[in-house]
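The primary structure of each chain is shown beneath.
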Amino acid sequence: MAQKVAVITGSHKGLGYAIARQLAQEEDIRVVLTSRREQDGLAAQQRLSSENIQVDFHPLDVTSDVSVQQFTTWVQQTYGRVDVLVNNAGINPTMQPEEASLLTVQMETMLITLTTNVLAVARITQALMPLMKAQNYGRIVNVSTEMACLTSMGGDYYPLAPSYRLSKVGLNGLTALWAKELQGSNILVNAYSPGWMQTDMGGSNAPFTADEGAETAVYLATLPEVGLIL
Ligand SMILES: NC(=O)c1ccc[n+]([C@@H]2O[C@H](COP(=O)([O-])OP(=O)(O)OC[C@H]3O[C@@H](n4cnc5c(N)ncnc54)[C@H](OP(=O)(O)O)[C@@H]3O)[C@@H](O)[C@H]2O)c1
């Protein structure tokens, strides 16, 4: 495979789809669109194809060891390389009433959110890392949120949303630790906030489109060698 290979998690809709769509228009990048449900992924691949944008598809549930192992084997056998990983898949239980307070938040909700937004990112990154290390090249983009800034925790601007916000604090920490672990290599790890976007998660009142939110992901996914940003 002469082109770079870019894997985007949870990319059949929303921000992930917009990132896949934009990255697929880069000449030297082959996009692998992924989704945990095959029919969703194939439908998204078809939508892009109707715009004359070609992407590959493979199922991927980032919370499943088996799915991640199967995906990694398929990537290895199909391309023998991974150059870009956008950790976009995420859940946000903020709309549930108990999420308004630490007094009421369900530990089960906390667990599922941390599992999806933090541990699953650690899992897929760890699984694909040998392919990046083999070529000493990688661009990893973790989709976070400004709601996870520690300086915003005391303000009234955002809902308390403890599950979601703690999970993204964890994701920011994971990003910094991966960057430290890979220091000195040409594998760059960054996190960014796409802003409040009009997606199923963000709702229709959001000020930004998913396409706007995707622009920084594309920038970070195509950083030159000296472009480490944290
Ligand atoms: N929307 C905003 O305003 C906003 C703001 C800041 C940050 N973000 C972040 O942006 C990212 C994308 O969000 P979005 O707004 O595009 O939300 P979305 O439309 O709800 O999309 C979330 C995506 O993640 C996927 N996903 C969830 N769990 C998964 C799993 N276990 N394995 C694989 N895929 C999984 C979903 O797939 P299914 O359809 O199968 O569930 C879906 O494709 C998230 O990380 C979110 O936290 C969003």
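Reading the values: rules and limits
Residues numbered from 1 in each chain as written. Predicted model: local features only at pLDDT ≥ 70, side-chain atom pairs only at ≥ 80, totals over all residues. Heavy atoms only, no water. Axes fitted to C-alpha atoms, helices over the stretch in contact; angles between N-to-C directions. Helix = DSSP H or I, 4+ residues; strand = E, 2+ residues; numbered from the N terminus. Parallel < 35°, antiparallel > 145°, perpendicular 65-115°, else oblique. Left-handed = near helix turned anticlockwise from the far one by under 90°. Contact = heavy atoms within 4.5 Å. Nonpolar A, V, L, I, M, F, W, Y, C, P; charged D, E, K, R; others polar. Pairing = 2+ DSSP bridges. Near = heavy atom within 4 Å. Polar contact = N/O pair within 3.5 Å; in protein donor to acceptor, adjacent residues only side chain to side chain. Areas by Shrake-Rupley, 256 points an atom, 1.4 Å probe, with all protein chains shown as cover.

**Q** I'd like a description of the packing of helix H1 (residues 14–23) against helix H6 (residues 210–221), backed by residues and values.
**A** Running from amino to carboxyl end, H1 crosses H6 at an angle of 55 degrees, the nearest separation of the two axes being 8 Å. Our classification of the angle between H1 and H6 gives oblique. Pair H1 / H6 crosses with right-handed handedness. Across from Gly-14, Leu-15, Ala-18, Ile-19, Arg-21, Gln-22 and Leu-23 in H1, the residues of H6 making contact are Ala-210, Asp-211, Gly-213, Ala-214, Glu-215, Ala-217, Val-218 and Ala-221. Counted by class, the contact of H1 with H6 contains 9 nonpolar, 3 polar and 3 charged residues.

**Q** Give me the sheet that holds strand E3 (residues 56–59): which residues, what numbers.
**A** Here 6 strands make up an open sheet; going across it, the order is E3-E2-E1-E4-E5-E6 and the pairing parallel. This sheet does not close on itself; its edge strands, each paired only once, are E3 and strand E6 (187–192). Between one strand and the next, the sheet's axes are offset by a mean angle of 20 degrees, whatever the strand orientation. Here strand E5 (residues 138–143) pairs with E6 via 6 bridges, running parallel. Paired with Val-141 across the strands is Asn-190, a residue of E6.

**Q** Outline the site of the ligand, listing residues and values.
**A** Surrounding the ligand, one finds 29 residues, the nearest of these being His-12, Arg-36, Asn-88, Tyr-164 and Thr-199. For the ligand, an oxygen atom lies 2.7 Å from a polar atom in the side chain of His-12. Within the backbone of Leu-15, an N or O atom sits 2.8 Å from an oxygen atom of the ligand. Calculation on the ligand without its partners gives an accessible area of 890 Å², and the protein chains cover 93% of this total. Broken down by class, the residue content of the shell around the ligand amounts to 11 nonpolar, 12 polar and 6 charged.

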